[in-house]
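# A structural walkthrough
Each chain, letter by letter, is given below.
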Amino acid sequence: MSELNRRGLLTRAALTGAGLVTADVIAGGRPAAAATPRAGQCAPAFDSVTVQPADSRYESFVRAHNTRFSNRPDQVTVATSAAQVAEALGRAVAAGRQVAVRSGGHCLENFTTYAGVEELIDLSQMADVHYDERMRAFAVGPGAIVAPTQNTLFKGWGVTIPSAGCSEVGLGGHILGGGYNFYSRIHGVAVDHLHAVEVVVAGADGQPRTIVATRRRTDPHRDLWWAHTGGGGGNFGIVTRYWLRTPGVASTDPGDLLPRASNQLVRNVQWSWDNLSPRAFRTLVGNYSRWYERNSAPGAPEVQVWASFSASHQAAGVIGLMAGVSKDVPGGEALLNGLFDATTAGAGVTSVADTRYELAWLDRDNWYWGQSGRQKDKTSDLKKSYTDAQLDTIYGYLTDDSVSNPGAQVNLAGLGGKINSVRSDATAYVHRDSVLRVYFTPGVWRTEADDAAHVGWVRRLYRDVYRDTGGVPVPNAVNAGAYINYPDVDLADPAWNTSGTPWHGLYYGANYARLQRVKSAYDPRDLFRHALSIRPA
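Note that the structure is a prediction, hence the values are computed from the model and not measured.

What counts, and where the lines are drawn
Residues numbered from 1 in each chain as written. Predicted model: local features only at pLDDT ≥ 70, side-chain atom pairs only at ≥ 80, totals over all residues. Heavy atoms only, no water. Buried < 20%, exposed > 50% of the residue type's maximum accessible area, 1.4 Å probe, protein only. Helix = DSSP H or I, 4+ residues; strand = E, 2+ residues; numbered from the N terminus. Pairing = 2+ DSSP bridges. Core = buried A, V, L, I, M, F, W, Y, C linked by side-chain atoms within 4.5 Å. Domains from an automatic or database assignment. Axes fitted to C-alpha atoms, helices over the stretch in contact; angles between N-to-C directions. Contact = heavy atoms within 4.5 Å. Phe/Tyr/Trp six-rings, centres within 6.5 Å; stacked < 30°, edge-to-face > 60°. Lys NZ or Arg CZ within 6 Å of the ring centre and 35° of its normal. pLDDT = per-residue confidence, 0-100. Expected span 1.5 Å × (residues − 1). Arc of directions from axis to C-beta. Buried area = accessible area lost by both parts, 1.4 Å probe. Salt bridge = Lys/Arg side-chain N within 4 Å of Asp/Glu carboxyl O. Polar contact = N/O pair within 3.5 Å; in protein donor to acceptor, adjacent residues only side chain to side chain. UniProt positions renumbered as here; feature names shortened; annotations may be inferred.

## Considerations on the pairing of strand 3 (residues 75-78)
Burial along strand 3 is two-sided: the residues Gln75 and Thr77 and Val76 and Val78 are all buried. In terms of strand pairing, strand 2 (residues 49-51) meets strand 3 through three bridges, oriented antiparallel. Pairing of Thr50 across the sheet is with Thr77, part of strand 3. Across four bridges, strand 3 lies against strand 5 (residues 119-122) in parallel orientation. When the bridges of strand 5 are listed, Val76 appears paired with Leu120.

## Brief notes about the nonpolar core
In this structure, Phe281, Tyr288, Phe309, Tyr386, Ile394 and Phe440 are the most contacted members of the largest nonpolar core, which totals 107 residues. Residue contributions to this core reach at least three from each of two domains, namely domain 2 (129-260) and domain 3 (264-512). Ala92, Val99, Leu123 and Leu527 belong to the second largest nonpolar core, which has 16 residues in total.

## Digging into the sheet that holds strand 4 (residues 99-102)
Taken in spatial order, the four strands line up as 2-3-5-4 in an open sheet, and their pairing is mixed. At either end of the open sheet lies a strand with only one pairing partner, and these are strand 2 and strand 4. This sheet shows a mean twist of 20° between the axes of neighbouring strands, independent of strand direction. Sheet strands in contact with helix 3 (residues 82-95) are strand 2, strand 3, strand 4 and strand 5, and its direction is about 175° off that of strand 5.

## A look at the packing of aromatic side chains
Applying the stated criterion across every chain yields a total of 28 aromatic pairs. Ring centres 5.5 Å apart and planes at 80° place the aromatic pair Tyr180 and Tyr483 in the edge-to-face group. Highlighted residues: Tyr180 in the loop between helix 5 (171-176) and helix 6 (184-187) and Tyr483 in the loop between helix 11 (451-465) and helix 12 (503-507), separated in sequence by 303 residues. With a centroid separation of 5.6 Å and an interplanar angle of 65°, the aromatic rings of Phe281 and Tyr395 are classed as edge-to-face. Linking Phe281 in helix 8 (residues 278-294) with Tyr395 in helix 10 (residues 388-398), this pair joins segments that are 114 residues apart in sequence. Both residues of the pair, Phe281 and Tyr395, belong to the buried class. Through a chain of ring-to-ring contacts, the aromatic side chains of Phe154, Phe182, Tyr183, Trp306 and Trp361 assemble into a single cluster. Geometry around Phe340 places Arg267 over its ring, the cationic atom sitting 4.5 Å from the centre. Here the guanidinium or amino end of Arg514 rests over the ring plane of Trp226, the centre of that ring lying 4.0 Å away.

## Looking at the confidence of the model for the protein chain
With 91% of its residues at a pLDDT of at least 70, the protein chain reaches an overall mean of 90. Between residues 1-37, whose pLDDT stays under 50, and residues either more than four places distant or in other chains, the model counts 126 contacts.

## Here's the deal with helix 4 (residues 146-157)
Over its twelve residues, helix 4 runs 16 Å from end to end, which matches the ideal 16 Å to within 8%, given 1.5 Å per residue. Turning to helix 4, its buried residues are Val146, Ala147, Thr149, Gln150 and Leu153. All buried residues of helix 4 fall inside an arc of 165° around its axis, so they share one side. Tucked into the core, helix 4 has its buried residues touching strand 6 (129-132), strand 7 (137-140) and helix 5. Where helix 4 ends, the next residue or the one after it, Gly158, has phi of about 75°, a positive value.

## Side note on the side chain of Thr149
By the element assignment, Thr149 lies in helix 4. Overall, the relative accessible area of 2% leaves Thr149 in the buried class. Those residues in contact with Thr149, other than ones at most four positions away along the chain, are Val129, Ala144 and Leu171.

## Looking at the environment of Gly233
With respect to the helices and strands, the residue Gly233 is situated in the loop between helix 7 (222-227) and strand 10 (238-244). Its relative accessible area of 32% is what places Gly233 among the partly exposed residues. Once the C-alpha coordinates of Gly233 and Ile534 are considered, the two residues, 301 residues apart in sequence, prove to be 9.6 Å apart. Here Gly233 is in contact with Leu176 and His530, once residues within four sequence places are set aside.

## Re the domain arrangement of the protein chain
As far as domains go, the protein chain holds domain 1 (49-122), domain 2 (129-260) and domain 3 (264-512). For domain 1 and domain 3, the distance between their C-alpha centroids amounts to 33 Å. At the junction of the two partners, domain 1 supplies nine residues and domain 3 supplies 15 residues. Both faces considered, domain 1 and domain 3 share a buried interface measuring about 1,100 Å² in area, 53% of it formed by carbon and sulfur atoms. Considering only the surface of domain 1 that becomes buried against domain 3, Arg68, Leu108 and Glu109 emerge as the three largest contributors, covering 58% of it. One can count one salt bridge joining domain 1 with domain 3. The salt bridge partner of Glu109 is Lys376, with a shortest N-O separation of 2.8 Å. Viewed at the interface, domain 3 and domain 1 are joined by seven residue pairs in polar contact (both at pLDDT 80 or more).

## Comments concerning the UniProt feature "domain: FAD-binding PCMH-type" (unreviewed entry) in the protein chain
The UniProt feature table records "domain: FAD-binding PCMH-type" (unreviewed entry) at residues 69-249. Across residues 69-249 one finds 23% helix and 24% strand; the C-alpha atoms that close the span lie 43 Å apart.

## A closer look at helix 3
An ideal rise of 1.5 Å per residue puts 20 Å on 14 residues; helix 3 measures up with 20 Å between its terminal C-alpha atoms. Among the 14 residues that make up helix 3, ten are buried, leaving the element largely enclosed by the rest of the structure. Ala82, Ala83, Gln84, Val85, Ala86, Ala88, Leu89, Gly90, Ala92 and Val93 are the residues of helix 3 that are buried. In the core, the buried residues of helix 3 are packed alongside strand 3, strand 4, strand 5, strand 8 (194-202), strand 9 (208-214) and strand 10. Count one or two residues on from helix 3 and you reach Gly96, which has phi positive near 75°.

This is the structure we're talking about:
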């Protein structure tokens, strides 16, 4: 394979109801009724549907994106409004059935498919995106997925939210974990624009209630809003709507309330494994990482540049760096070329491809269109570059023939910039000092017979890269923990995490104690739980 296509390089880089509640709380057992859609809203295609195993639709309803995991719950309820979600939740609690919730279904672990789940509540039909004049914010349903949502925001108002580069990811779970993409260096993470959230919760009496929690300092439910700014999915209740607008913007024009979208100048350079020595690999990846160390301060001109370095397995034939900058940035092309010049300095290796192009905002190549299959992926954040010894370890695994999947790679995507202008406790998303997000994947595979090879490869790679900190990225002067939207149950397994730092210290840092208090307040029965769920205080 002589060249990775642009979508291949995008693969892991960003990894990568009709009714509105008008009161803050609709109390116990009386969920909000669905309202007639207003201008700009779409009526649901159908009312709530519940299917059981004998229904011909059942197999499709229980299928997960990561096909390593499957479960057969007693029933699946597809809801189209907050009222229907509350009804389904109340019914499940009364019957003593364990509930899980799914929006897009792209969870990398089995959080919605573990054996104990008896009722699955599916939010995929709650996908409306519109401007809500009362809230002066954009309303997004939890079943909305990335590409259509971005299309609607851009076509209607010319705006965007910094959320995922993977087209089919559901925003219901993605925003909950923080949400980031290429443009987060410029605009921050998705939750930096989260104004309010509508959540169906169940109290100690098991009765559902629907709460609208906002970022307003005087909101009695502000802690619930805060928990949804990076606390991760499946923890506090069921999100039935998000409202998004950039804080501090006073305009009455919807087109000013979120970041503006624009065409991109993109450069894509690839180097062949045939000419890639350990030294050249160390130099390229090290130079790239150190450029981010130097150029990630909030407000620096270079934060306009986004990039993804795909250190692909030798089975792919090449490794590559794709980077871009908005076309309207003054001197943007020079900033872009500066990253490439710094990356290649002293590497002594000639590229096999160097392409430049302008990418329209709605171009399909702006998004990674993925495929379902079997997966096991890991992530970590960096404040500084890996050491030469760590880069040699990565090189060794990328040239290891025990896995020959062209999709296997270690991907380094840029962070910093606007993300790091926010205090680490201002949102539940704690990663406000990282400059790179690293994604470890053995690729996607099809058969169970290949599980051991692929899962074993990525587990050993991750452990060996972090051998000096107990096999995991313990936060210190170099490491910044892990990102909950790429959950990894190994971080809670003492066989793979020998650091003494608990999994929640890697994902949430000092914010975990507050998340536990929110959990106790809004889910005191621990109804929403999975292998890495927030534990009650």
